[in-house]
Amino acid sequence: MQKKKLNLSVQILIGLVLGIVAGLLLQKNPEIATKYIRPLGTVFLNAIKMIIVPLVFSSLVVGVCNLNDINKLGSLGGKTFLYYMFTTLLAVSLGLVFANILNPGLGFALPTEELIVEAKEAPSFIETLVNIIPSNPLQSLVGGNMLQIIVFALVLGAGILVIGERGRALYQVFDGLAETMYKITGWIMRLAPIGVFGLMTPVVASQGMDVLQPLLKVIIAVYLASIAHMLITYSLTVRFLGRRSPLEFFKGAFPAWVTAFTTASSSGTLPVSIACAEENLKVPKPVASFVLPLGATINMDGTAIYQGVCVLFIAQVYGLDLSFAQQITVVLTATLASIGTAGVPGAGLIMLSMVLHSVGLPLEGIALVAGIDRILDMMRTSVNVLGDISASVIVSRGVDVQQQE
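A brief structural summary. Everything quoted here is computed from the prediction, not taken from an experiment.

Conventions and cut-offs
- Residues numbered from 1 in each chain as written.
- Predicted model: local features only at pLDDT ≥ 70, side-chain atom pairs only at ≥ 80, totals over all residues.
- Heavy atoms only, no water.
- Helix = DSSP H or I, 4+ residues; strand = E, 2+ residues; numbered from the N terminus.
- Buried < 20%, exposed > 50% of the residue type's maximum accessible area, 1.4 Å probe, protein only.
- Contact = heavy atoms within 4.5 Å.
- Expected span 1.5 Å × (residues − 1).
- Salt bridge = Lys/Arg side-chain N within 4 Å of Asp/Glu carboxyl O.
- Polar contact = N/O pair within 3.5 Å; in protein donor to acceptor, adjacent residues only side chain to side chain.
- Axes fitted to C-alpha atoms, helices over the stretch in contact; angles between N-to-C directions.
- Left-handed = near helix turned anticlockwise from the far one by under 90°.
- Nonpolar A, V, L, I, M, F, W, Y, C, P; charged D, E, K, R; others polar.
- Phe/Tyr/Trp six-rings, centres within 6.5 Å; stacked < 30°, edge-to-face > 60°.
- Patch = residues over 30% accessible without salt bridge, like charges linked within 9 Å, V, L, I, M, F, W, Y side chains within 5 Å.
- Areas by Shrake-Rupley, 256 points an atom, 1.4 Å probe, with all protein chains shown as cover.
- Core = buried A, V, L, I, M, F, W, Y, C linked by side-chain atoms within 4.5 Å.

## A closer look at the overall build of the chain
Okay, so step 1: Each helix and strand in the chain was counted, giving 17 helices and zero strands.
Okay, so step 2: Looking at the chain residue by residue over its 405 residues, the buried ones come to 53%.
Okay, so step 3: Put simply, 85% of the contacts in the chain that link residues at least 6 apart link residues at least 24 apart.

Structure, rendered in structure tokens:
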């Protein structure tokens, strides 16, 4: 009889627990943890850094090119895409608002003697918007400027899409690169439990159990922001854009929400989401079959909330202040990157790495939230799925596809 392998989330949690135990045992000799155990975490972080730029760039180009499906359903794709980007923008903003209110990392700060990020003067809001257009895209790729990389990938993907068959060969190059990066990302994610162990042990060895106290605030902030997003954003959009009762919407989508919360899998919930949309909310089949699979790929409202909370938490833990312009950068990066992490194993972790990198925060902070990722993943996935269903309700209004059923 074949033994069942432990889920990766469980493995990461075990790595976190072992890291805490090892850290406590080494409190009298923290230099051992720093010298011999931290390199495990450093290797894991370097592996993540290695894949971020090629992964995001190739995924975004392919993602835009694959929007060719829009042509089959007229304006359906455009409306769906705009709605998903709009709600993701609101979601990450809401996550930052709740994080600023609750300040989950305030009062606990890790030493920052190894960091060289606090000396830079933050650009203004206008400069942030102007600088997202790269004057030299190759320099942006080499320098890892995530916002500029994302914008260039979107423009390049749109260009390939417009020229049609002549861009087919170039599309296949990026598609092959994206698939290769997905595979490599899967390999790297297998190292996550070891990486979390290597990152957590020296932190606990030098700081003790105090490092765990702010994590409860992170969970509360993510859950409150998620509930607010569902009750406010989806209620208002369904009511005023979809002309449907919010109560009717939540009742009809409830089975999919519960499934998403318990499984923490958007793709795994997809059959239930389609059934809820078609049977409970009377969304036409052509709309549901297009909007919901697309949403399972690029709509990441819950993940965006998670990014907003976790980025501010990590900044506070490391005693660094994020300016308004830097928080705007977080909003823009997380929103645009929701396409770039489509179908990537450990998408939340990869997105968090990108966003941290975009505002110059240490990637080591990932270890602090990786252990509670499963708890957060349940809520963020359920928000993602509810957002997909709300889009199907809104997009179906005024779209004449009934004859295709």
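## A short note on helix α6 (residues 146–163)
Okay, so step 1: For α6, with 18 residues, the first-to-last C-alpha span of 26 Å sits near the 26 Å given by 1.5 Å per residue.
Okay, so step 2: Among the residues making up α6, those that are buried are Met146, Leu147, Gln148, Ile149, Ile150, Val151, Ala153, Gly157 and Ile160.
Okay, so step 3: Gly164 sits one or two positions beyond α6 and adopts a positive phi of about 65°.

## Brief notes about the pattern of salt bridges
Okay, so step 1: As enumerated under the stated definition, the model contains two salt bridges in all.
Okay, so step 2: Of the charged contacts, one joins Glu248 and Arg244 as a salt bridge, the two residues approaching to 3.1 Å between their closest N and O atoms.
Okay, so step 3: In this structure, Arg380 engages Asp377 in a salt bridge whose closest nitrogen and oxygen atoms are separated by 3.2 Å. Taken together, the residues span about one helical turn, with Arg380 and Asp377 both in helix α17 (residues 373–396) at a distance of three residues. An identical accessibility class is assigned to Arg380 and Asp377; each is buried.

## Examining the side chain of Gln327
Okay, so step 1: Here Gln327 shows up in helix α14 (residues 324–340).
Okay, so step 2: Note on Gln327: relative accessible area 14%, which makes it buried.
Okay, so step 3: Only 3.0 Å separates the side chain of Gln327 from the side chain of Asn100, close enough to count as a polar contact.
Okay, so step 4: In terms of polar contacts, Gln327 uses its side chain to reach the backbone carbonyl oxygen of Leu322, at 3.4 Å.

## Some points on unusual backbone geometry
Okay, so step 1: Look at Asn103: it is not a glycine, yet its phi comes out positive at around 45°.
Okay, so step 2: Along the chain, the position of Asn103 falls in the loop between α3 (76–102) and α4 (125–130).
Okay, so step 3: For Lys282, which is not a glycine, the phi torsion comes out positive at approximately 55°.

## Some remarks on the packing of helix α9 (residues 214–240) against helix α13 (residues 301–317)
Okay, so step 1: Two elements in contact, α9 and α13, have axes separated by 10 Å at closest approach and are oriented at 145°. By crossing handedness, the relation of α9 to α13 is classed as right-handed. Residues Pro214, Leu215, Val218, Ala221, Val222, Ala225, Ser226, His229 and Tyr234 of α9 form the contact with α13, whose own contacting residues are Asp301, Ile305, Tyr306, Val309, Cys310 and Phe313.
Okay, so step 2: Its residues assigned to classes, the contact of α9 with α13 shows twelve nonpolar, two polar and one charged.

## Things to note about α13
Okay, so step 1: With 17 residues, α13 ought to run about 24 Å at 1.5 Å a step, and its terminal C-alpha atoms sit 24 Å apart, in line with that.
Okay, so step 2: Two residues or fewer past α13, Gly319 is found with a positive phi of approximately 70°.

## Some thoughts on the packing of aromatic side chains
Okay, so step 1: In the structure shown here, the tally under the stated rule is six aromatic pairs.
Okay, so step 2: Where Phe57 meets Phe152, the ring centres are 5.6 Å apart and the plane angle is 20°; that geometry is what we call stacked. On the criterion of sequence distance, the pair formed by Phe57 in helix α2 (residues 30–65) and Phe152 in helix α6 is long-range, its members being 95 residues apart.
Okay, so step 3: In this structure Phe152 comes out as partly exposed when scored by relative accessible area, which is 26%.
Okay, so step 4: Arranged with centres 6.3 Å apart and planes meeting at 50°, the rings of Tyr83 and Tyr84 form a pair that is tilted.

## A look at a nonpolar patch on the surface
Okay, so step 1: A surface patch of nonpolar side chains, amounting to about 480 Å² of accessible area, comprises Ile227, Leu231, Ile232, Leu236 and Phe240.
Okay, so step 2: Locating Ile227 in the fold gives a position in helix α9.

## Observations regarding the environment of Gly143
Okay, so step 1: With respect to the helices and strands, Gly143 occurs in helix α5 (residues 137–143).
Okay, so step 2: Given a relative accessible area of 56%, Gly143 falls into the exposed group.
Okay, so step 3: Between the C-alpha atoms of Gly143 and Val53, which are 90 residues apart in sequence, the distance is 9.6 Å.

## With respect to the nonpolar core
Okay, so step 1: Membership of the largest hydrophobic core comes to 120 residues, with the highest contact counts inside it found for Phe249, Val311 and Leu352.
Okay, so step 2: When neighbours within four sequence positions are excluded, Leu352 is seen to be in contact with Tyr306, Gln307, Cys310, Val311, Ile314, Ile366 and Val369.

## Side note on the environment of Pro104
Okay, so step 1: Considering the arrangement of structural elements, one finds Pro104 in the loop between α3 and α4.
Okay, so step 2: Using a relative accessible area of 2% as the deciding quantity, one classes Pro104 as buried.
Okay, so step 3: Residues Pro104 and Gln213 lie 109 residues apart in sequence; the distance between their C-alpha atoms is 9.2 Å.
Okay, so step 4: Leave out the neighbours within four places in its chain, and Pro104 touches Ala99, Pro214, Lys217, Val218, Phe313 and Gln316.

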